[in-house]
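Remarks on the overall topology
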Amino acid sequence: MATFLYKLGRLAFRRRHFVALIWVALLTLAGVGAASAPAAGNTSFSIPGTEAQKAFDLLDQRFPGTSSDGATARVVFKAPTGEKMTDKLNKATVKKTVKELSEGSEVASVADPYKGKAVSKNGTIAYASVTYKVSGMELEDSSRDALKAAAQDARDAGLTVEVGGDALSATPETGSSEVIGIAIAAVVLVITFGSLLAAGFPLLTAIIGVGIGVSTITALASALDLGSTTSTLATMIGLAVGIDYALFIVSRYRAELAEGREREEAAGRAVGTAGSAVVFAGLTVVIALVGLSVVNIPMLTKMGVAAAGTVAIAVLIALTLIPALLGFAGRKIKPAGEKSKLLGGGRAAKKAGKPNMGTRWASFVVRRPVAVLLLGVVGLGAAAVPAASLQLGLGDDGSQPTSTTQRRAYDLLSDGFGPGFNGPLMVVIDAKDSAHPKAAFNKVDHDIKGLKDVVTVTPAAPNKAGDTATITVIPKSKPSSATTEDLVHAIRDQGTEITADTDAKVLVTGSTAMNIDVSQKLNDALIPYLVLVVGLAFLLLIVVFRSILVPLKAALGFLLSVMAALGAVVAVFQWGWLSGLLGVEETGPVMSMMPIFMVGVVFGLAMDYEVFLVTRMREAYVHGEKPSQAVVTGFKHGARVVTAAAVIMMAVFSGFIGSSESMIKMIGFGLAIAVFFDAFIVRMAIVPAVLALLGKRAWWLPKWLDRLLPNVDVEGEGLKALSDENAGHDSGRDEEDRELIRA
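Moving on, we get to the overall build of the protein. For the protein, the helix and strand inventory stands at 25 helices and eleven strands. A total of 743 residues make up the protein; the buried ones form 54% of that total. By sequence separation, contacts in the protein at least 24 residues apart represent 80% of the contacts at least 6 residues apart.

Pasting the structure below:
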C-alpha cells in the first residue's frame, strides 16, 4: 500500500499538469451534467415492510385512481377579531378560495368547510382539506404556487390564512452560518500552516471534491429519485473529510521537507504514509455510510451511498490533486516550522526550542494515565446521562419554526379543533375474506370509539366492491406525542381481536402512523447495523494496526463519544437546554434516524482521528521506540494537525445548525458535538492513557493471525529502500510511471 501510494504521489507531483487537467475536466463534466439534467421532481417516500406502507398499497389496489398516499393540504382560515367564519362575507371568501383550489390539474378533491363540518365550535376558525393525485414529494411546483396564490387571495380579502400539510413543504435554508463554518476552517488552516497558500490547498481541493460530488448527485437526481437532503448530507460530509484528508497530506509533506528531503521525494513519502492513513480512514467512513442500507429505507440508503461517493472522491483528490498542487507551488510551500513572509517574515523555527504542546500533553498523560483515563470516562459518562431519557419520533409541522405558514396553520388547528386534528389516523379494513363485511366495518367503528384518547371516529367509507373500507380517527393528543403512539398500538391490538372474530384485517396508516412505523424500523435496525459497521471496521483496523487491543479500544472509545453526543442532543432538542441559543423553537422527540445516523457517520469520522494519530505512534514503535515514547512521538507530530482537523470539522458541521430544517439543524449539532467529544476527550486523552497503561501489550497480535493478515505497510517501512533507490535512479522515472499506470 505505502509503496504504491508513494509512487502515485511522485507521479502526480511530476505529471501535475496532466493530473490537474483530469480533475478540472471531471468538475466540468459533472457541472455540465448537472446543468443539462432534467429538473428533479420531489423524491418518492416508501417504507417497505411496515404496516402503514402495506395499508397504502392495499388502498391503491382497492380504491383505484384515488392515490391513497397523495399529498394533502389544510388551508386554515381565521376570522378577523369580532367576526365569525359563518358571516356572509367571510363565507363567500372561503367558497371562492375552495373553487380556486379545485382548479389544479393535480387536485383530486377539495372539502368545503361548511359541508364537512370543519368550522370550530366558537365559529372563528375553519379549514378546507385539499387532496392531490400524487404524493407530496412528487407534486409539481405549479400546484404549490396555485395553493399559495389561493391562500394569498383570501388574505387580501381580510382573513388570516395559513397552509399546513405535506403539499407545501418548507425549503430548508442553511443561512450564512454555513459560510461562517468554512471561514473558520480557513482561519484554522492558516494558523496551522502559517501560510496562506498551504492553507488554501485543503479548502480548494475540498470544494472541488464537493463540487464534483454534488453536481453528480444533481445530474442523477431525476433518474435515481434523489432528494435535496441527499446533496445536503453529501456537502456536509464531503467538506469535512475533504479538508481533513488534504490537511494531513500537506502537513506530512511539510514535515518531510523539514527533514531535508527533496520536494518530489517529500510528496511521495507524504502520500505513501499519510496517504495510507487517508485511504483506511476513508474506507471506514464509506463502510459506515453504505452500511445504512441495512435499515431498508430507500431514502436513507440513497443518502448514505451518495455521501459515501463524495468521501471516495475526497480520498482520490487528496492522493492525486494535492501532490500535483504541491508541485505547482514549488518553494512557496515552506517546511514545517517555517512561516511565509506575509505571516511570519519567512523566519525558520528554532531547532532547539521547547517541546510543542502535543509533546507536553502526551508526556503528562503518560505520567498520569489512570487519572486522565478516569476523568475522561467519567466526563463522557456524565454527558451521556440524558440519553437514558431519549424519546424518538419524526417531526411534524409542530416542529417547524413559528415563522412558517405550516407551523401557524398547525397552531390554529390546535386552537380551534384540538391538537389531534393535526395528525388524523386512517384505519383500513380489509374484509375481503370476511363473510359479513358490513358487520366487520361496524365492529371496528364501535371498538375504536371505546378506546382512550379518541375524539372523533368517522363512519366507515367502503369501496365499490364493498370489501374494503376506511375510517378516520382523530386523537386527542398531538401527532408526535407518546399518547398518540399508544393509541396506534391500541388500535392495532384491537384489530388482532377483530381479525380473530370476523376474518377482517385492520391496518392503521396515515402520516402519523407512518412516522411511528419508521421509528420502530430504525430502532430494530440499530443493533444489526452497529454489529455490521463496527465489525467490518474492527477487521479493517486489525489489518492497519496489526493489533487486537488497539481496534478494540477504538471501538469502545467510539461508543463512549456517540453516547455522550446523543446525551447532548437530548439535552438541547428534547429538554430545551441552550435551545434559544441554537435557534431550537420547539422541543420534542429526537428525530428517529438520529441514533443510527450518528452511529454511522460518527464512527467513520472517529476512526479518522484514530488512524491518523495512532499510525504515527505505531510508526514510531515499529522504528524502535519504547511504547510510552512512541505515544509521545505520535502526539509530537500529529496532535497539532488532528486538533486543527477536529476544529475544522466542528466548524463545518456547526455551520448547518443555522438551517431552517429541524432535521439538518439536529444533525449539524449532533455531529459537531460528537467530533468534539471524540477528538478531544477520547482520542486526545483516553487513547494515549490506555496505550500508556497497556505498553507493549497494545501491539500484541497472535502469530497465526499475523501470518494470515496482509501486510499493508501503513507505516511506510518499505519506503526507506525505495527512497534510496530513487535518489540514485531518477533516470528511471518514465518506466516507474508506466508500471504505476499498468497497476
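Anyway, onward from the coordinates.
What follows covers the sheet that holds strand β3 (residues 125–132). Spatially, four strands are ordered β2-β3-β1-β4 in an open sheet, and the strand pairing comes out antiparallel. One side of each edge strand has no neighbouring strand; the edge strands of this open sheet are β2 (107–111) and β4 (160–164). Here the average twist between neighbouring strands, direction ignored, is 20°. Where strand β1 (residues 72–78) lies against β3, seven bridges are found, and the strand directions are antiparallel. Residue pairing in the sheet places K78 in a bridge with I125 of β3. Contacting β1, β3 and β4, helix α14 (residues 405–417) crosses the sheet at an angle of about 105° to β4.

In this section: the packing of helix α13 (residues 369–384) against helix α18 (residues 549–574). Orientation of α13 relative to α18, taken along the N-to-C sense of each, is 40°, at an axis distance of 7 Å. Pair α13 / α18 crosses with left-handed handedness. Mapping the contact onto sequence places V377, L380, A383 and A384 in α13 and L560, S561, M563, A564, G567 and A568 in α18. Of the residues assigned to the contact of α13 with α18, the class counts are eight nonpolar, two polar and no charged.

It is worth spelling out the nonpolar core at this point. Counting residues in each nonpolar core, the largest one holds 163 residues, and the members touching the most others are Y245 and F653. If one sorts the elements of this core by residue count, helix α22 (residues 662–694) sits on top with 18 residues. Ignoring anything within four residues of it in the chain, the contact list for F653 reads M236, I237, A240, L605, G668, L671, A672 and V675. Residues A128, A154, V161 and L168 belong to the second largest nonpolar core, which totals 25 residues.

Parts of the model with low pLDDT should not have their predicted coordinates read in detail. When pLDDT is averaged along the protein, the result is 83, and 89% of the positions lie at 70 or above. Taking the mean pLDDT of every element in the protein, the minimum, 51, falls on helix α25 (residues 733–742) and the maximum, 94, on α13.

Moving on, we get to unusual backbone geometry. The phi dihedral of D453 falls on the positive side, at around 65°, and the residue is not glycine. Along the chain, D453 turns up in the loop between α15 (437–449) and β7 (454–457). Judged by its relative accessible area of 11%, D453 is buried. Of note, the phi angle at D503 is positive, near 65°, even though the residue is not glycine. Taking relative accessible area as the criterion, D503 reaches 48% and is therefore assigned partly exposed.

We now examine a nonpolar patch on the surface. Where nonpolar side chains cluster on the molecular surface, the patch consists of V294, L532, L536 and L539 and spans about 320 Å² of accessible area. Topologically, L532 is positioned in helix α17 (residues 511–545). Overall, L532 belongs to the partly exposed group, its relative accessible area being 34%.

With that settled, consider the environment of E625. Note on placement: E625 falls in the loop between α20 (594–622) and α21 (627–654). Leave out the neighbours within four places in its chain, and E625 touches A620, A630 and T633. A polar side-chain atom of E625 sits 2.6 Å from a polar atom in the side chain of T633.

A few words on the pattern of salt bridges. Using the criterion set out here, one finds 21 salt bridges in the structure. One salt bridge in this structure joins D445 and K449, with 3.2 Å as the shortest N-O distance. Of the two residues, D445 and K449 are both situated in helix α15; the distance of four residues between them amounts to about one turn of the helix. Among the residues examined, D445 registers a relative accessible area of 12% and is labelled buried. With a closest N to O distance of 2.4 Å, K553 and E610 form a salt bridge. You can see K553 sitting in helix α18 and its partner E610 sitting in helix α20, a full 57 residues away along the chain. Here the residues in one salt-bridge network are R252, E256, E259, R261 and R269, joined through shared partners.

Here α18 is 26 residues long and its end C-alpha atoms lie 36 Å apart, about the 38 Å a rise of 1.5 Å per residue gives. The buried fraction of α18 amounts to 20 of the 26 residues, a majority that puts the element mostly inside the structure. Count one or two residues on from α18 and you reach G576, which has phi positive near 95°.

Within the structure shown, the criterion is met by nine aromatic pairs. Taking 5.1 Å as the distance between ring centres and 35° as the angle between the ring planes, the aromatic pair formed by F417 and F421 counts as tilted. Taking relative accessible area as the criterion, F421 reaches 13% and is therefore assigned buried. Ring pairing ties together the aromatic residues Y127, F417 and F421, which thus form one cluster. Here the guanidinium or amino end of R74 rests over the ring plane of Y127, the centre of that ring lying 5.0 Å away. The aromatic ring of Y114 is capped on one face by K91, whose charged end is 5.1 Å from the ring centroid.

Procedures and definitions
Residues numbered from 1 in each chain as written. Predicted model: local features only at pLDDT ≥ 70, side-chain atom pairs only at ≥ 80, totals over all residues. Heavy atoms only, no water. Helix = DSSP H or I, 4+ residues; strand = E, 2+ residues; numbered from the N terminus. Buried < 20%, exposed > 50% of the residue type's maximum accessible area, 1.4 Å probe, protein only. Contact = heavy atoms within 4.5 Å. Pairing = 2+ DSSP bridges. Axes fitted to C-alpha atoms, helices over the stretch in contact; angles between N-to-C directions. Left-handed = near helix turned anticlockwise from the far one by under 90°. Nonpolar A, V, L, I, M, F, W, Y, C, P; charged D, E, K, R; others polar. Core = buried A, V, L, I, M, F, W, Y, C linked by side-chain atoms within 4.5 Å. pLDDT = per-residue confidence, 0-100. Patch = residues over 30% accessible without salt bridge, like charges linked within 9 Å, V, L, I, M, F, W, Y side chains within 5 Å. Areas by Shrake-Rupley, 256 points an atom, 1.4 Å probe, with all protein chains shown as cover. Salt bridge = Lys/Arg side-chain N within 4 Å of Asp/Glu carboxyl O. Polar contact = N/O pair within 3.5 Å; in protein donor to acceptor, adjacent residues only side chain to side chain. Expected span 1.5 Å × (residues − 1). Phe/Tyr/Trp six-rings, centres within 6.5 Å; stacked < 30°, edge-to-face > 60°. Lys NZ or Arg CZ within 6 Å of the ring centre and 35° of its normal.

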